[in-house]
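Observations on the model geometry
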Amino acid sequence: MTENIVTERLILKPVSVVDAEFIYQLYNSPRFIEFIGDKNIRSVADAEEYIKNRFLPQIEKLGYGNYVITQKDDGTKLGSVGVFEREGLDVPDIGFSLLPDYEGKGYGFEAASALLDIAFKEFGLKKISAITSDPNLSSRKLIEKLGLTYQKKVQLPNDHEELRYYEIELKKETP
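Residues numbered from 1 in each chain as written. Predicted model: local features only at pLDDT ≥ 70, side-chain atom pairs only at ≥ 80, totals over all residues. Heavy atoms only, no water.

Overview of the nonpolar core
This is how it is decided: Among the buried residues, those of types Ala, Val, Leu, Ile, Met, Phe, Trp, Tyr and Cys that are joined through side-chain atoms within 4.5 Å form a nonpolar core. Remark: exposure states derive from per-residue accessible area (1.4 Å probe, protein chains only) relative to the maximum for the residue type, with buried under 20%, exposed over 50%, and partly exposed in between. Secondary structure elements follow DSSP: runs of H or I of four or more residues count as helices, runs of E of two or more count as strands, with numbering from the N terminus. Contacts are assigned to residue pairs that have any heavy atoms within 4.5 Å of one another.
Core analysis: the largest hydrophobic core is formed by 47 residues, its most contacted members being V81, I94 and L115. It is helix α4 (residues 107-121) that contributes the most residues to this core, nine residues altogether. Aside from chain neighbours lying at most four places away, what touches L115 is I5, L12, Y67, V81, G82, V83, I94 and F123. Counting residues in each nonpolar core, the second largest holds seven residues, with L89, I131, L156 and Y165 among its members.

In structure tokens:
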């Protein structure tokens with residue numbers, strides 16, 4: 001897996017069990033639950049198990065996965081961004097979430113655009129998708145700002161909600 005990804009203001013670090021307390025906090029923030037869903041993480045121990053069972057196996061299998069977004073200057077953890085294999089989607093999916101105090105400051109775009117670049121250049125991906133719900137306007141705007149285009153509505157297995165599905169393809173370089 002790519003080690004840390006560094007941007008102007010941020011460092012994206014591959015998630016590990018040391019991030020369990022942060023993942024617990026992030027995954028229980030009101031907007032995360034409203035727009036991404038309740039992952040039933042009720043304790044730091046639950047978050048540690050989630051990391052071990054969900055994030056680390058994908059990182060080991062694919063070489064990429066979830067990253068914790070930290071501020072470069074002081075190491076404050078702001079959110080997470082990742083590229084995931086998701087059941088029900090044929091194309092790897094980019095996802096992101098920030099703690100409420102850090103939304104609307106450009107961190108999501110900075111982190112997600114850096115990860116998109118690495119996904120195409122280093123992970124060898126040719127196409128990346130993103131999904132979001134209709135009411136999640138901030139996520140929709142960010143996905144579109146990243147260059148993904150709306151394709152269709154999708155429904156993931158075991159989920160009743162219809163989601164907006166976006167894609168972006170690696171631009172072929174002309175000689």
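Further notes follow.
Observations concerning the environment of F109
Positionally, F109 belongs in helix α4. Judged by its relative accessible area of 27%, F109 is partly exposed. F109 sits 37 residues away from L146 along the chain, and the two C-alpha atoms are 7.1 Å apart.

Concerning helix α5 (residues 137-145)
For clarity, the threshold we go by: This arc describes the spread of directions from the helix axis toward the C-beta atoms.
Within α5, burial applies to S139, L142 and I143. The buried residues of α5 all sit within an arc of 100° when viewed along its axis, so they share a single face. Among the exposed residues of α5, those pointing more than 90 degrees away from its buried face are K141 and K145. In the core, the buried residues of α5 are packed alongside β5 (93-98), α4, β6 (127-132) and β8 (163-169). G147 lies just past α5 and shows a positive phi near 100°.

Examining the side chain of T132
Relative to the assigned elements, T132 resides in strand β6. A relative accessible area of 4% places T132 in the buried class. Ignoring sequence-local partners within four residues, the contact set of T132 consists of S139, R140, I143, L163, R164 and Y166.

A look at helix α3 (residues 44-62)
The test is simple: A helix's residues, less one, multiplied by 1.5 Å, set its expected span. What we call the bend at a residue is the angle made by axes fitted to the seven residues finishing there and the seven residues starting there.
For α3, spanning 19 residues, the distance from its first C-alpha to its last is 26 Å, which sits close to the expected 27 Å at 1.5 Å a residue. For α3, the principal kink sits at F55 and spans about 35°; a proline, P57, occurs within the next four residues. When we look at burial in α3, the residues that qualify are A47, Y50, I51, F55, Q58 and I59. As for α3, its buried residues are in contact with α1 (20-27), β3 (66-71) and β4 (77-84). With its phi angle positive at about 90°, G63 sits one or two positions after the end of α3.

Comments concerning the pattern of salt bridges
Worth spelling out the cut-off: By definition, a salt bridge exists where a carboxyl oxygen of Asp or Glu is found within 4 Å of a side-chain nitrogen of Lys or Arg.
Scanning all chains against the criterion turns up 13 salt bridges. We note a salt bridge from E103 to R31, for which the minimum N-O separation is 2.9 Å. Here the residue E103 occupies a position in the loop between β5 and α4, and R31 occupies one in helix α2 (residues 30-35), the gap between them amounting to 72 residues. With relative accessibility at 31%, the residue R31 sits in the partly exposed group. Here the salt bridges do not stand alone but share partners, grouping D134, R140, K153 and R164 into one network.

Concerning the packing of α1 against α3
Put simply, the test is: Axis geometry follows a simple rule: fit a line to the C-alpha atoms, using only the stretch in contact for helices, then measure angles between N-to-C directions, giving values from 0 to 180 degrees. In this scheme, roughly parallel covers angles under 35 degrees and roughly antiparallel covers those over 145, while 65 to 115 is roughly perpendicular and the rest are oblique.
In the contact formed by α1 and α3, the axes pass within 8 Å of each other and the chain directions differ by 100°. By the angle class used here, α1 and α3 are roughly perpendicular. Contacts between α1 and α3 involve A20, E21, I23, Y24 and Y27 from the former and V44, A47, E48, Y50, I51 and F55 from the latter.

Thoughts on the environment of I5
Checked against the element boundaries, I5 lands in strand β1 (residues 5-6). Setting aside chain neighbours within four positions, we find I5 in contact with L10, I11, L12, Y67, A114, L115 and I118.

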